[in-house]
Amino acid sequence: MKQTFIMKKLICTLPLTLWFACMGCAKPYHMPPPQTLKPVPTTKPVNFTLSDASTAYTAFNKYFYNPTAKLYYSTTDKSALGAIWTQAIYWDLAMDVYQRTNDTAQLKMVTDIYAGGANQYDNYNWNNTTTWFIYDDMMWWVTALARANQLTGNAAYLQNSIAGFNRVWAGSYDPVEGGMFWDFVHSGKNACINYPTVIAAVRLYQITKDTSYLVKAKSVYAWARANLFNATNGEVADHKIGDGAPGYQDYTYNQGTAIGAGVMLYKVTNDTSYLADAKLAANYTQNSMCVNGILPAEGDFNEQGVLKSIFGQYIMMLINDGGQKQYLPWIQQNINTGWTNRDKARNLTYRSYAVACPTGEIQSYEASSVVTMMQICPPSN
């Protein structure tokens, strides 16, 4: 089975039994005309610069940002907004740019995206089960809200993060077996809810000093490590359903959030076993998921295109907060390759770094990862 049919954000065309194995579905997407992607001749990638990082972000906003909704479109045709959970990833990107530039205009962008989310998503009413229909969608926002409070001190961000975390914990956590359920009907437990819960809990612990968050973070991490993590090679399983074996499909965001959870727990506990897990997950990603060092081209006009944006956040956390500089040239290689192969007319990048970016309609999801990593990774020279 193709990996695209394992990912939870899918077109609903599969039988019910397979739906449970795939862990969910979403609305169909408008499909653009098929495009032939031409491999780029083997040349040495050009090293990106900080000026390029600004250019890439400006282009991303030009082609995807909706200044009225204050959220992002799903594609360059600007016919519909992107998926709810991906907006939280784009908010993280806005925060990355603000941290890099310390520009007051960019701080307004951070504030605007929060306002756009409030308007679009019932003012972050976590009890609205029409707006919020799976737990991980909620947790991506909870995590971003906590980060936004750390960055700005805005009390409303913290209040909404705490309320969202409590809502997800009450509905998702399994007090008997441990771990977090991905969906409201508790059909299974996915990496995309468990590791982000750890990250959110540690952030809330850092902000509030409430040790109950740290206890929860350790508990969920222990469950995830026992059930979703191959402690021999660092591979992270996508999901586990009941007493079945873990479903091992390799996705960069699962590797990334496992890395981030490990680094964050290491930073607050000084327990080096967490850091060792994070390094193991990074090694697996680099050695087993890449071709010639280049990260996989996830996403075939679905939301998987955003996964490497998430990976980028947390591999850089391992490099910076975890002190693991050995991974820096690898990430720079990926950025330089993706930026070199951009659509130079639009300065848009693509999910498949080693091919030329299509010149027609592309998604914000697949255009997001290189520009994200450019904001948080230093240039090669």
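Everything below is about the structure shown above.
Keep in mind that this is a model prediction, so the values were computed, not measured.

Calculation rules
Residues numbered from 1 in each chain as written. Predicted model: local features only at pLDDT ≥ 70, side-chain atom pairs only at ≥ 80, totals over all residues. Heavy atoms only, no water. Helix = DSSP H or I, 4+ residues; strand = E, 2+ residues; numbered from the N terminus. Areas by Shrake-Rupley, 256 points an atom, 1.4 Å probe, with all protein chains shown as cover. Phe/Tyr/Trp six-rings, centres within 6.5 Å; stacked < 30°, edge-to-face > 60°. Lys NZ or Arg CZ within 6 Å of the ring centre and 35° of its normal. Expected span 1.5 Å × (residues − 1). Buried < 20%, exposed > 50% of the residue type's maximum accessible area, 1.4 Å probe, protein only. Contact = heavy atoms within 4.5 Å. Axes fitted to C-alpha atoms, helices over the stretch in contact; angles between N-to-C directions. Parallel < 35°, antiparallel > 145°, perpendicular 65-115°, else oblique. Left-handed = near helix turned anticlockwise from the far one by under 90°. Nonpolar A, V, L, I, M, F, W, Y, C, P; charged D, E, K, R; others polar. Salt bridge = Lys/Arg side-chain N within 4 Å of Asp/Glu carboxyl O.

Right, let's talk about the overall build of the protein chain for a bit. Within the protein chain one finds 13 helices and four strands. With the model as given, the accessible surface of the protein chain reaches about 14,800 Å², and the carbon-plus-sulfur share is 53%.

The final tally for this structure, using the stated rule, is 27 aromatic pairs. Through pairs of rings, three or more aromatic residues link up here, namely Trp91, Tyr114, Tyr121, Tyr124, Trp126, Trp132, Trp141 and Tyr157. In this structure, lysine 308 packs its charged tip against the face of tyrosine 353, placed 5.1 Å from the ring centre. Looking at arginine 342, its charged tip hangs above the ring of tryptophan 339, at a distance of 4.0 Å from the centre.

The first and last C-alpha atoms of helix α12 (residues 328-340) sit 18 Å apart over 13 residues, in line with the 18 Å expected at 1.5 Å per residue. Listed as buried for α12 are Leu328, Trp330, Ile331, Gln332, Asn334, Ile335, Asn336, Thr337, Gly338, Trp339 and Thr340. Residues of α12 that are buried sit in contact with α2 (50-64), α10 (272-288), α11 (307-320) and α13 (364-376).

Our focus in this paragraph is the packing of helix α7 (residues 191-208) against helix α9 (residues 252-269). In contact at an axis separation of 9 Å, α7 and α9 are set at 30° when each is read in the N-to-C sense. Here α9 runs roughly parallel to α7, going by the angle between their axes. The element α7 and its partner α9 pack so that their crossing is left-handed. Contact with α7, carried on its side by Ala191, Cys192, Tyr195, Pro196, Val198, Ile199, Val202, Arg203, Tyr205 and Gln206, involves Tyr253, Asn254, Thr257, Ala258, Gly260, Ala261, Met264, Leu265 and Val268 of α9 and no other residues of that element. Of the residues belonging to the contact of α7 with α9, the class tally is 14 nonpolar, four polar and one charged.

Residue lysine 70 is not a glycine yet carries a positive backbone phi of 60°. The class for lysine 70 is partly exposed, based on a relative accessible area of 29%. The phi angle at asparagine 270 is positive, at roughly 65°, despite the residue not being glycine. Its location among the elements puts asparagine 270 in the loop between α9 and α10. Residue class for asparagine 270 comes out exposed when judged on its relative accessible area of 62%.

Bringing the packing of α10 against α11 into the picture now. The contact between α10 and α11 brings their axes to 11 Å, and the two run at 125°. Considering the angle they form, α10 stands oblique to α11. Here α10 runs over α11; the crossing is left-handed. Along the contact surface, α10 presents Leu275, Ala278, Lys279, Ala282 and Thr285, while α11 presents Phe311, Ile315 and Leu318. In terms of residue class, the contact of α10 with α11 is made up of six nonpolar, one polar and one charged.

Our next topic: the pattern of salt bridges. Scanning all chains against the criterion turns up eight salt bridges. Across the salt bridge formed by lysine 108 and aspartate 112, the nearest N and O atoms sit 2.8 Å from each other. Here lysine 108 and its partner aspartate 112 are both found in helix α4 (residues 104-120), four residues apart, which amounts to about one turn of the helix. Where aspartate 277 meets arginine 225, a salt bridge forms, and the shortest distance between an N and an O atom there is 2.7 Å. Within this pair, whereas aspartate 277 is found in helix α10, its partner arginine 225 is found in helix α8 (residues 211-228), the two being separated by 52 residues in sequence. Accessibility expressed as a relative area gives 35% for arginine 225, which makes it partly exposed. Several salt bridges share partner residues, and in doing so they unite Lys70, Lys108 and Asp112 into one network.

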